[in-house]
Amino acid sequence: MGYAIKKGILYLLLVLLAAMCLLPFLLMLVNATRSGAEISTSFTFIPSSYLKENWQILSDYFDLFLGMRNSLIVAVPATLLGAYFSALTAYGLAMYKFKGNKIIFGAILVFMMIPGQLSLIGFYQLCTKLHLVNSYVPLVLPAIAAPGTVFFLRQYILSSVPPSLVEAARIDGAPELYSFHRIILPLIAPAMATMGIMGFIGNWNSYLLPMIILNKNEKFTLPVMMATLRASLDMVRNQGATYLAVAISVIPILLVFCFFSKYIISSISAGAVKE
Amino acid sequence: MVAKKKRSKLTAYNNWGYFFVAPFVVVFLIFSVYPVLRTLYLSFTDLKVMGDAHFVAFANYKRVFTDKFFWKALWNTVRIWSVNIVLQLGLAFLLMMVFSDVKYKMAGLPVFRVLYYLPNLIAATSVAFLFNTLLDWRYGTFNIMINGIYKLVGARYNPVDWLGSPSTAGYTLAVIQSWMWFGNSFIMLMAGVQGVSKDYFEAAAIDGAGRWTIFGKITLPLIRPIMMYVAVTSLIGGLQMFDLPFLMSNASSPSYGSVQTVMMYLYKFGFTAGTIQTGYASAVAYALFLIILLVSLLQIKMFTRKEA
């Protein structure tokens, strides 16, 4: 008896905590359909009918779809380049013995520990010199060299790809790149997907670097664009539109999460067990 | 003869390694190694926005460590992070205890795990925006909710300016940070517990060990490395805290002085028009790095000593 009650209380607490995680999102969705005046005076979970008006106000401020398109132009290539070249590098480090292999791996370990702010100023200076300010190149190209992803994939290859597989392909006369593309990539695809999804979310949400590199409105990625609304805000009139903007910015990520939550959870777990 | 031929063929194969790592190495040298070294060089110069850089030795570092605003920013960062990490890890730890309990055997971990992780997915700009609006002291839904509850019990609520007043802004940010990150820590801790072989628990249960003994003697020691990993990574991230405090405060608000973090301080001298002092900002970056390095070494030492 006492056991069942205690267990019930535990579940109740767990559900309450889950509700706390969801409440802001729920309020966001409800408030996106209410007028600013309504939100400012009362509180409810029942949607109202101002969705269209809010959308109007929002469109006057900025073009959310442009921001989304810009974010996609940055995040998709960065994710694909990151996944492919990290796999390439990881395979090179795991399967070939060559001079410098250990040095490169050591550098990867060191740069995994170095906080990002250390390169920020030098990075910006480099972009100025190469005339890459306001270009997406500095936001996409560096994805080719992602130390954390290379480290993760190298460990994965060492633990799950038997060298005999590649040797057999060599005896059959398969070129090295062919073996990599046809044998190795399919084998490590789950690990690449895991890192790729985390990479996509990171790129999509990234704020500081795009804010520093981009300074033309039409180039802004979604997070940078959202941040400009902050200063120009008439609370009472625009509150509903603000919630709508947040809701729209959140939807793509929620979709990704719905389909790939398994991979995301496993990548966080891998981060912990790696130790 | 055959052996020699075989070896040369193997070397030929191994030379492919250069091909595979070449793109990484080129991009890594240009976009990672060079900027870090460039920042180091600049930290010893007096470069402003434009003009020439002159070597000034350690003058920038001296200025960093004697500037009371730097120390204030460091103190703000540490204060917000401390409250945040206690809440975040504490909650994750409690949840881990609940879900790993041998007596209650709670179900539904996959669902709860996903729900608790949800806040971590959202861009900081969206989170900041959402809470800026929810927490607005006059018109925000949060205060209106509290006001409703006060009214129900017949009391009068004096609206709190959660983000605007210096006494609450830091704590509000810490709570929001914890809300964003506790799910992440929880998944990591749970991964550690699930990595523990079931045999241990069963053997202990057969030997008649109580659930608290099992928790204290098996679960806890085995997840200590993961606790360390979470604490160290969270500290490295925490000391670089920028997005939320930056987006949820403004320079004219009275609470600004109590939420300006080291990264915001760096941003001011590195990238804010009118106050740019590139050389000095570079020194701030390296000073922060030294502090992070020192503290994480201390942390690692603390955790490993306990194990011995």
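Note that this is a predicted model, so its numbers are computed, not measured.

**Describing the overall build of chain A**
Assigned secondary structure in chain A consists of 13 helices and zero strands. Secondary structure elements in chain A, listed N-terminal to C-terminal, are α-α-α-α-α-α-α-α-α-α-α-α-α. Computed over its C-alpha atoms, the radius of gyration of chain A comes to 24 Å, more than 25% above the 19 Å expected for a compact globule of 275 residues. Taken across its 275 residues, chain A has 41% of its residues classed as buried. Put simply, 77% of the contacts in chain A that link residues at least 6 apart link residues at least 24 apart.

**Brief notes about the overall build of chain B**
From N to C terminus, chain B includes 13 helices and zero strands. Helices and strands in chain B line up, N terminus first, as α-α-α-α-α-α-α-α-α-α-α-α-α. Rg of the C-alpha trace for chain B: 26 Å, well past the compact-globule value of 19 Å for 308 residues, more than 25% over. Its C-alpha atoms give chain B principal-axis dimensions of roughly 95 × 70 × 35 Å. Relative to all contacts within chain B whose residues are 6 or more apart in sequence, the contacts with residues 24 or more apart total 72%.

**Quick word on the packing of helix 4 (residues 64-95) of chain A against helix 8 (residues 147-160) of chain A**
Residue and element names in this part refer to chain A. It is at 8 Å that the axes of helix 4 and helix 8 come closest, and there the two elements cross at 50 degrees. In terms of orientation, helix 4 and helix 8 fall into the oblique class. The two elements helix 4 and helix 8 cross, and the hand of that crossing is right-handed. Of the residues in helix 8, those touching helix 4 at G82, S86, A87, T89, A90, Y91, L93 and A94 are T149, V150, L153, R154, I157 and L158. For the contact of helix 4 with helix 8, the per-class residue count stands at nine nonpolar, four polar and one charged.

**Quick notes on helix 3 (residues 51-61) of chain A**
All names here are of chain A. Of all the positions in helix 3, only N54, I57 and L58 are classed as buried. All buried residues of helix 3 lie within an arc of 100 degrees about the axis, which places them on one face of the element. Within helix 3, the exposed residues directed more than 90 degrees away from the buried face are K52, Q56, S59 and D60.

**A look at the domain arrangement of chain B**
By domain assignment, chain B separates into domain 1 (1-42) and domain 2 (58-307). Each of domain 1 of chain B and domain 2 of chain B has a C-alpha centre, and the two are 39 Å apart.

**Focus: the interface of chain B and chain A**
With 72 residues of chain B at the interface, the matching set in chain A holds 71 residues. Top contributing element to the side of chain B that touches chain A by residue count: helix 1 (residues 2-42) of chain B, with 20 residues. Split by residue class, the side of chain B that touches chain A holds 51 nonpolar, 17 polar and four charged.

**Some thoughts on the nonpolar core**
Counting 147 residues, the largest nonpolar core has A:Y91, A:L153, B:V127, B:F186, B:L266, B:V284 and B:A285 as the members making the most contacts within it. A per-element tally of this core places helix 7 (residues 166-195) of chain B first, with 14 residues. Two domains each donate at least three residues to this core, and these are domain 1 (1-42) and domain 2 (58-307) of chain B. Apart from the residues lying within four places of it in its own chain, the contact partners of B:V127 are B:I122, B:I176, B:M180 and B:L244.

**Regarding the environment of B:N120**
Residues and elements named next belong to chain B. Within the fold, N120 resides in the loop between helix 4 (109-117) and helix 5 (124-134). Judged by C-beta crowding, with 21 C-beta atoms within 10 Å, N120 ranks as buried. Distance in space between the C-alpha atoms of N120 and V26 is 33 Å, their sequence separation being 94 residues. Discounting chain neighbours no more than four positions away, the residues touching N120 are M180, W181, G183 and N184.

**With respect to the environment of B:Q277**
All names here are of chain B. Mapped onto the elements, Q277 comes out in the loop between helix 12 (262-271) and helix 13 (278-307). On the neighbour-count criterion, Q277 (18 C-beta atoms within 10 Å) is partly exposed. Residues in contact with Q277, not counting those within four places in the same chain, are K48 and F269.

**A few points about unusual backbone geometry**
At A:N134, a position not held by glycine, the phi torsion is positive, near 70 degrees. Position of A:N134 relative to the elements: it lies in the loop between helix 6 (117-129) and helix 7 (137-140).

**Let's talk about helix 6 of chain A**
The α-helix advances 3.6 residues per turn, and as a result positions three or four apart in sequence lie on the same side. Residue and element names in this part refer to chain A. The end-to-end C-alpha distance of helix 6 is 19 Å, a good match for the 18 Å that 13 residues give at a rise of 1.5 Å each. Those residues of helix 6 that fall on the buried side of the exposure criterion are Q117, L118, S119, L120, I121, G122, F123, Y124 and C127. Where helix 6 ends, the next residue or the one after it, H131, has phi of about 55 degrees, a positive value.

**Comments concerning the confidence of the model for chain B**
Residue and element names in this part refer to chain B. For chain B, the average pLDDT comes to 86, and 95% of its residues sit at 70 or higher. The secondary structure element of chain B with the lowest average pLDDT is helix 8 (residues 198-206), at 78, and the one with the highest is helix 2 (residues 59-66), at 94. If you check the scores for this complex, the pTM reads 0.85 and the ipTM reads 0.85.

What counts as what
Residues numbered from 1 in each chain as written. Chains lettered and ligands numbered in written order. Predicted model: local features only at pLDDT ≥ 70, side-chain atom pairs only at ≥ 80, totals over all residues. Helix = DSSP H or I, 4+ residues; strand = E, 2+ residues; numbered from the N terminus. Rg over C-alpha atoms; globule rule 2.2 N^0.38 Å. Buried ≥ 20, exposed ≤ 12 C-beta atoms within 10 Å, placed from the backbone. Contact = placed C-beta atoms within 7 Å. Axes fitted to C-alpha atoms, helices over the stretch in contact; angles between N-to-C directions. Parallel < 35°, antiparallel > 145°, perpendicular 65-115°, else oblique. Left-handed = near helix turned anticlockwise from the far one by under 90°. Nonpolar A, V, L, I, M, F, W, Y, C, P; charged D, E, K, R; others polar. Arc of directions from axis to C-beta. Domains from an automatic or database assignment. Core = buried A, V, L, I, M, F, W, Y, C linked by C-beta atoms within 7 Å. Expected span 1.5 Å × (residues − 1). pLDDT = per-residue confidence, 0-100.

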